[in-house]
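# Examination of the molecular architecture
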Amino acid sequence: MTASQPTGSIRGSLTWRVGALVSAALLVFGVAYYVAVLMPYGGRIASAGLAAAAANARAHLSSLFDEVHSDLALARTRLSAEAASPRDPDAFSAQFTSYLLYKVHVSSVLFAHESGQELLLLQLADGRWMNRVTDPALPGKIRRIWRNAAGRVTSDALELSDYDPRRRPWFRGAMALASDDATNWTEPYTFFTTREPGITASMRWSGERGERYVLAFDVLLRDLARSVRKIEVTRRGFIAILTADGKVLVPPRVAGLDEAKAAASALLPVAALGVEALSRAHAARRAQADAGEADFTFDDGTWRARFERFALGGTSIEIVTAAPSADFTPSVASLAFALAVTGSVVLLAGLWLAWQLARRVSRPLEALAVESARIGRLDFSDRPAVRSSWREIDSLAGEQARMRELLRDATGRLEDANRGLEERVALRTRALELANAELASFDYTVSHDLRAPLRAINGFCAILEKDHAARLDDVGRQHLARVRDASVQMADLIDGLLTMVRHSSRPLELRDTDLSAMAMEELEQLRRTEPARRVRVEVEPGLHARADPVLLRSVLQNLVGNAWKYTAGRELAEIGFGAGEREGERVFFVRDNGVGFDMAHAARLFEPFQRLHAEQDFQGMGIGLASVQRIVARHQGRVWAESAPGAGASFYFTLGSQG
């Protein structure tokens, strides 16, 4: 074979050569570590192995209980914000049904008031749902509501019961918490509703009138037990979790104790479980109360056990890991010397092979690097081709040559395109300057040439009223008043046209704009104009956008002003300003409960001089929304409305990438 016809694979060659080197190095390192570290420090390794298993179990516990704490805090915040009450089982069930379906480790949700009112939501094994309703107004009774899997009520009846949530540990513990942000965890116990072991987490909060509420989740421990029992300690070692008073919360995975028996043995005393190794570990723990580890004898050998306390609110549980010490003791020391010598020879050979391989690979790669740097400087002159015996490097050199040709052609086309683009930019700049000049001319014409006849009309009307009023009868005076009103309306139309033109031509000055403060200022100004009106205002705080503040104030003036105008007939007007997300886009809105409009005519809303209501009902020129549409479009956004006759209106707008 010649160098011009490479057949070797750099990937395959590097793989087996470097693989041999790495394997040899790992082998030597493993033997050295086994002999120099594992054997002399078997006890430390045993402690580290038990600690690692305990840390794994702690991670499972933290994952479950942290998730429950976060879910509980989130649900509490939502109930508090909605001012929820434990008197509405339908709303309570609708709110938490999906949560219980998704969080299989939570069996039920309880919601109680300090007066003794309580709601419970529980799904049974057959898919049905049950609400338990407790009310001090019905002493000695509780109400049970049964629902099918779809949530529809199938039964609703009272039962005799002296149950009072205020006597339950989860309620009393939550009420005794020092902070509303803390979580109370009960001692593990068997749930009365499901007859399964678990623990109840609860939080409390205060309502607007100072009354206190408690929300609690019943947390099943069966999934935790399964995951913890799968943790490997050693071949004969095990892990278990005990309650503070020595009951088995998660039994060890040992022969003769399958998952069914393990589930049935939950919350049994250690001695009653029948696992001798765990009983001896627990006895050693009691004998050395302050020790984190203890050794004990079992099965004709020495075992080591580790004990870690896992704090859970006001209570705690204990993680126990145990294994025979022999599981951590080296047993193949006789091979250490031979493996070390062999590993040293292989390592030296691997170093030599790696050096030779790097030498063969580095030369053509260095040449390719130099060529790449030259191309990066846009130097496309021809150079001798890079050759290599490696197929991959030879292919890379060919692709690099093709890339140079492509870049050369693309650079030429780009230069031609840039020249054409510069010409088009110059043409469009001139067209834009001409359009701006025409707008300025229009502004001047409207401001001066159209206003002059109006001033003349108003002047002559004033002369007629002052000098010739006596010659006019009532009909003539009415006609004269209509003429003056029409001239005033024409002046308003001219002002509206000028506003639209100036909004369309004014340069944008984008900066951070507080829309919430701007909306509140406009509403307060409107309130001062009509202090007798009853208007409920809701402005979402903290809404900012990168926009032109002058133009955005005009948008809010028009939208808020329309909301104020079209709610005038309401006994209690409602006007709101806020923001939300729609399909990943931030959307602002102004909402009211005014007269609304028919969506069949919505297309006319943003056209100049188009009105959906009679002028005698609501005054206006039909210019405001057209100005809004133009301002929003200049911000690369869009505006639209949703309404129905008599049902109020909602106007939405976006601000494109600036918003």
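Scroll up for the structure.
Residues numbered from 1 in each chain as written. Predicted model: local features only at pLDDT ≥ 70, side-chain atom pairs only at ≥ 80, totals over all residues. Heavy atoms only, no water.

## Description of the overall build of the protein
Broken down by element type, the protein carries 14 helices and 21 strands. Residues classed as buried in the protein amount to 38% of the 659 residues present. Residue pairs in contact within the protein that sit at least 24 positions apart in sequence constitute 59% of those at least 6 positions apart. Total accessible area computed for the protein in this model is approximately 36,200 Å², and 56% of it derives from carbon and sulfur atoms. (Helix = DSSP H or I, 4+ residues; strand = E, 2+ residues; numbered from the N terminus. Buried < 20%, exposed > 50% of the residue type's maximum accessible area, 1.4 Å probe, protein only. Contact = heavy atoms within 4.5 Å. Areas by Shrake-Rupley, 256 points an atom, 1.4 Å probe, with all protein chains shown as cover.)

## Observations concerning the pairing of strand E9 (residues 212-220)
The element E9 is extensively covered by neighbouring structure, given that 8 of its 9 residues are classed as buried. Direction of pairing for strand E8 (residues 197-206) relative to E9: antiparallel, over a ladder of 9 bridges. Bridging across to E9, arginine 204 finds its partner in valine 214. Remark: 5 residues form the turn of the hairpin made by E8 and E9, two consecutive strands paired antiparallel; glycine 210 in that turn has positive phi of roughly 90 degrees. (Pairing = 2+ DSSP bridges.)

## Points about the sheet that holds strand E19 (residues 585-592)
Across a sheet, paired strands are connected by hydrogen bonds in the backbone, their directions being either parallel or antiparallel. In space, the 5 strands of this open sheet follow the order E16-E18-E19-E21-E20, with mixed pairing throughout. If you trace the sheet from one side to the other, it starts and ends with strand E16 (535-539) and strand E20 (639-643), each paired once. Averaged over neighbouring strand pairs, the angle between their axes works out to 20 degrees when direction is ignored. Here E20 pairs with strand E21 (residues 649-653) via 5 bridges, running antiparallel. Bridging across to E21, valine 639 finds its partner in phenylalanine 653. (Axes fitted to C-alpha atoms, helices over the stretch in contact; angles between N-to-C directions.)

## Describing helix H13 (residues 549-566)
For an α-helix, the turn length of 3.6 residues means that residues three or four places apart are oriented alike. A rise of 1.5 Å per residue sets the reference length of H13, with its 18 residues, at 26 Å; its end C-alpha atoms lie 25 Å apart and thus fit the reference within 8%. Listing the buried residues of H13 in full gives Pro549, Leu551, Leu552, Ser554, Val555, Leu556, Leu559, Val560, Asn562, Ala563, Trp564 and Tyr566. You can read the cap of H13 off the contacts: a side-chain oxygen lies 3.0 Å from the backbone nitrogen of valine 550, and it is on aspartate 548. (Expected span 1.5 Å × (residues − 1). Polar contact = N/O pair within 3.5 Å; in protein donor to acceptor, adjacent residues only side chain to side chain.)

## A closer look at the sheet that holds strand E12 (residues 293-298)
Strand order in the open sheet formed by 5 strands is E11-E10-E14-E13-E12, and the pairing between neighbours is antiparallel. Lying at the two open borders of the sheet, with one neighbouring strand each, are strand E11 (248-250) and E12. Between one strand and the next, the sheet's axes are offset by a mean angle of 35 degrees, whatever the strand orientation. As judged from the 6 bridges shared by E12 and strand E13 (residues 301-312), these two strands associate in the antiparallel manner. Residue alanine 294 lies in a different strand from E13, and its bridge partner there is alanine 305. Contacting strand E10 (238-243), E11, E12, E13 and strand E14 (315-324), helix H8 (residues 276-287) crosses the sheet at an angle of about 135 degrees to E12.

## Considering the environment of alanine 174
Along the chain, alanine 174 turns up in helix H4 (residues 169-175). Spatially, the C-alpha atoms of alanine 174 and asparagine 184 are 5.4 Å apart, while their sequence positions differ by 10 residues.

## Some points on the packing of H13 against helix H14 (residues 624-634)
At a closest axis distance of 9 Å, the pairing of H13 and H14 adopts a crossing angle of 145 degrees. Taken as a pair, H13 and H14 cross one another with a handedness that is left-handed. Where H13 abuts H14, its residues Leu551, Ser554, Val555, Asn558, Leu559 and Asn562 lie against Gly624, Leu625, Val628, Ile631 and Arg634. Of the residues belonging to the contact of H13 with H14, the class tally is 6 nonpolar, 4 polar and 1 charged. (Left-handed = near helix turned anticlockwise from the far one by under 90°. Nonpolar A, V, L, I, M, F, W, Y, C, P; charged D, E, K, R; others polar.)

## Let's talk about the nonpolar core
One recurring pattern in soluble globular proteins: nonpolar side chains tend to sit buried together. Core analysis: the largest hydrophobic core is formed by 52 residues, its most contacted members being Leu61, Phe65, Phe96, Phe111, Leu215, Phe217 and Val228. Looking at this core element by element, the count peaks at 13 residues for helix H2 (residues 42-81). If you look at the next biggest cluster of nonpolar residues, it comprises 37 residues, including Ala519, Ala573, Leu625 and Val632. (Core = buried A, V, L, I, M, F, W, Y, C linked by side-chain atoms within 4.5 Å.)

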